[in-house]
Each structure stands twice: as C-alpha cells, then as structure tokens.
Amino acid sequence: MLNYLWGIMILVGVFWGILSGRSAELTDGILTGAKDAVSLCITMAGVMAFWCGIMEVAKEAGIIRGLTRLLRPLVRFLFPGIPEGHKAADEISTNIAANVLGLGWAATPAGLKAMESLEELEEERRKAGGEEKRKDENKSLIERNGRVVRGPQVVGSGWNNRKDQKGGRPGLRRPAVPKGTASNEMCTFLILNISSLQLIPVNMIAYRSQYGAVNPAAIVGPAIVATAVSTAVAVLFCKVMDGKRRG
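Presented here is a report on the structure given in the accompanying data block. Since this is a predicted model, take the numbers as computed values, not measurements.

## Observations concerning helix α2 (residues 23-61)
Every α-helix winds through 3.6 residues per turn, so residues three or four apart in the chain are directed the same way.
For step 1, the next point in the chain: Over its 39 residues, α2 extends 56 Å from the first C-alpha to the last, a length consistent with the 57 Å expected when each residue adds 1.5 Å.
For step 2, the next point in the chain: Turning to α2, its buried residues are Leu 40, Met 44, Val 47, Met 55 and Ala 58.
For step 3, the next point in the chain: After α2 finishes, the residue Gly 62 shows a positive phi value of roughly 85 degrees.

## Details of the packing of aromatic side chains
For step 1, the next point in the chain: Using the criterion set out here, one finds zero aromatic pairs in the structure.
For step 2, the next point in the chain: The ring of Phe 77 is capped by Lys 239, whose NZ or CZ atom sits 4.3 Å from the centre of that ring.

## Section: the packing of helix α3 (residues 63-78) against helix α4 (residues 87-100)
For step 1, the next point in the chain: Viewed as axis vectors pointing N to C, α3 and α4 meet at an angle of 110 degrees, and their least axial separation amounts to 8 Å. As judged from the angle between their axes, α3 and α4 are roughly perpendicular. Of the residues in α4, those touching α3 at Ile 64, Leu 67, Thr 68, Leu 71, Arg 72 and Val 75 are Ala 89, Asp 90, Ile 92, Ser 93, Thr 94, Ile 96 and Ala 97.
For step 2, the next point in the chain: By residue class, the composition of the contact of α3 with α4 is eight nonpolar, three polar and two charged.

## Structural notes on helix α6 (residues 184-195)
For step 1, the next point in the chain: With twelve residues, α6 extends 17 Å from end C-alpha to end C-alpha; this agrees with the ideal 16 Å at 1.5 Å per step.
For step 2, the next point in the chain: Those residues of α6 not exposed but buried are Asn 184, Glu 185, Met 186, Thr 188, Phe 189, Leu 192 and Ser 195.
For step 3, the next point in the chain: Downstream of α6 by a residue or two, Ser 196 has a phi angle that is positive, lying close to 50 degrees.

## A few points about the pattern of salt bridges
Close approach of charged atoms lets side chains of opposite charge pair.
For step 1, the next point in the chain: As enumerated under the stated definition, the model contains seven salt bridges in all.
For step 2, the next point in the chain: Two residues, Arg 72 and Asp 90, come together in a salt bridge whose shortest N-O distance is 3.3 Å. You can see Arg 72 sitting in helix α3 and its partner Asp 90 sitting in helix α4, a full 18 residues away along the chain.
For step 3, the next point in the chain: Overall, Arg 72 belongs to the partly exposed group, its relative accessible area being 35%.
For step 4, the next point in the chain: Here Glu 123 ties to Arg 126 by a salt bridge, and the two come within 2.8 Å at their closest N and O atoms. On the criterion of helical spacing, the pair formed by Glu 123 and Arg 126 is a turn pair, its members being three residues apart in helix α5 (residues 104-145).
For step 5, the next point in the chain: Among the residues examined, Glu 123 registers a relative accessible area of 27% and is labelled partly exposed.
For step 6, the next point in the chain: A relative accessible area of 19% means that Arg 126 is categorised as buried.

Thresholds, definitions, all that
Residues numbered from 1 in each chain as written. Predicted model: local features only at pLDDT ≥ 70, side-chain atom pairs only at ≥ 80, totals over all residues. Heavy atoms only, no water. Helix = DSSP H or I, 4+ residues; strand = E, 2+ residues; numbered from the N terminus. Expected span 1.5 Å × (residues − 1). Buried < 20%, exposed > 50% of the residue type's maximum accessible area, 1.4 Å probe, protein only. Phe/Tyr/Trp six-rings, centres within 6.5 Å; stacked < 30°, edge-to-face > 60°. Lys NZ or Arg CZ within 6 Å of the ring centre and 35° of its normal. Axes fitted to C-alpha atoms, helices over the stretch in contact; angles between N-to-C directions. Parallel < 35°, antiparallel > 145°, perpendicular 65-115°, else oblique. Contact = heavy atoms within 4.5 Å. Nonpolar A, V, L, I, M, F, W, Y, C, P; charged D, E, K, R; others polar. Salt bridge = Lys/Arg side-chain N within 4 Å of Asp/Glu carboxyl O.

The following block contains the structure:
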C-alpha cells in the first residue's frame, strides 16, 4: 500500500511540474534530492557503524547483560504470560535496552529473535493445549464407561488460566491463539517498539546534524518527554486490553 501511495505522489508531482511549466525546477529538485539522499545514507551508515560497534563493546563488557537483568522485573510486569527463564524474556530485555539507548539498528536483531521466540512459545502452548484436551477426553470416556458421565473440559477456558499445580511453567497454561495470529505478548512487544522510549535519539541527532542544525542534541529533552508519554500510554493500553481479554 505504501508503495502505491509513494508512487502516486511522485507521479502527481512530476505531472504537475510539467503542466505548470516548471520543468527546470523539477529537474533541479530531482538532482538535488538524489544528492542529499546519497549524502544522508553515507552519514547514517557512519552513525550506524559507530553505534553498532558501541553495542558490541557493551555486550562484550557485560553492560547489556547488566541492563537486561535490571529490566527483568519490568519485562515480567509487561509480559506476565512468558514463563520464567524463557529465552524470549532476555531477548525482549535486550531489545528494550537498545531502544532506550537510541540504538535502533542494534535493537532490530534482538527484536526479530524475540518475535521468533514468542512464536515458539505459542507453538508450545498449542501442543500443551492439545495434550490437555486429549487427557480430558480420555478421562471423560473412562467415566462414561464407569457410568459417570461428564463432558470434556473446554480447552482455553479454565485449565489455561490456572497456574500449573505440578510445578510446571505457568506461561504455557494460557490460551493459545490460532497459528498465524499474533499473540497478546507479540502485540504488546510491537506496541512498545512503536512507542520506543529513548534517552538518546541517535537518529534524530544525526538527521539534524546532516541538515545543519546549530545544536543537533537540543532534541534530547523533548524526545525524552515525548517518548516517555507515548510509552506510558502504550503500557496502559496493553494492560487494559490484557485485562479485557482475560475477563
């Protein structure tokens, strides 16, 4: 859809420039825009290389691991359905830490891995749900043969919402969504990435520097306020929707 929108806007601009007799300005604008795009790409490539390198140094030094540990209580609050010790929690923590530091490029690999882990978690839930359903059906069949008739329990209603009394992983006791459907954890993670609380907006600083801002870092304060508000609203929205789903 976006490709169509951009294509339509470009074609409308070109035809309007030709019809209005401003072909010279149109050609000059195209060449200038192409030059600025290449310059911006070179600038952003340098910024990306620098901060990705910083991220790797922080990983080797254990800084990211320390931030991940600090973020675990927050991750447990935001994602109560993820079982304790599941790898998705660590990958989400790494992604959040990188986003907070403004390292969007370095956060992307962790974000993709987190989504893959959340899909694996849903697959585990589907398998657990299928096994529980078979157990309930077998129990019902045995009771019928013993002349005690009771219908099978409905998968996704009671058993999934209770903690495992045998010491299992509570996160697997939640209702599984159909394959190809985003889970509650996936939606929450996506919304948090969109809101993206940042202490150091590296991208915006680079853009402002590229286009000649007198003080490129002046954006830091407003960016912190804006992203803090958007993240708070995102967390509130996720909690309200999670409560409605459980209810």
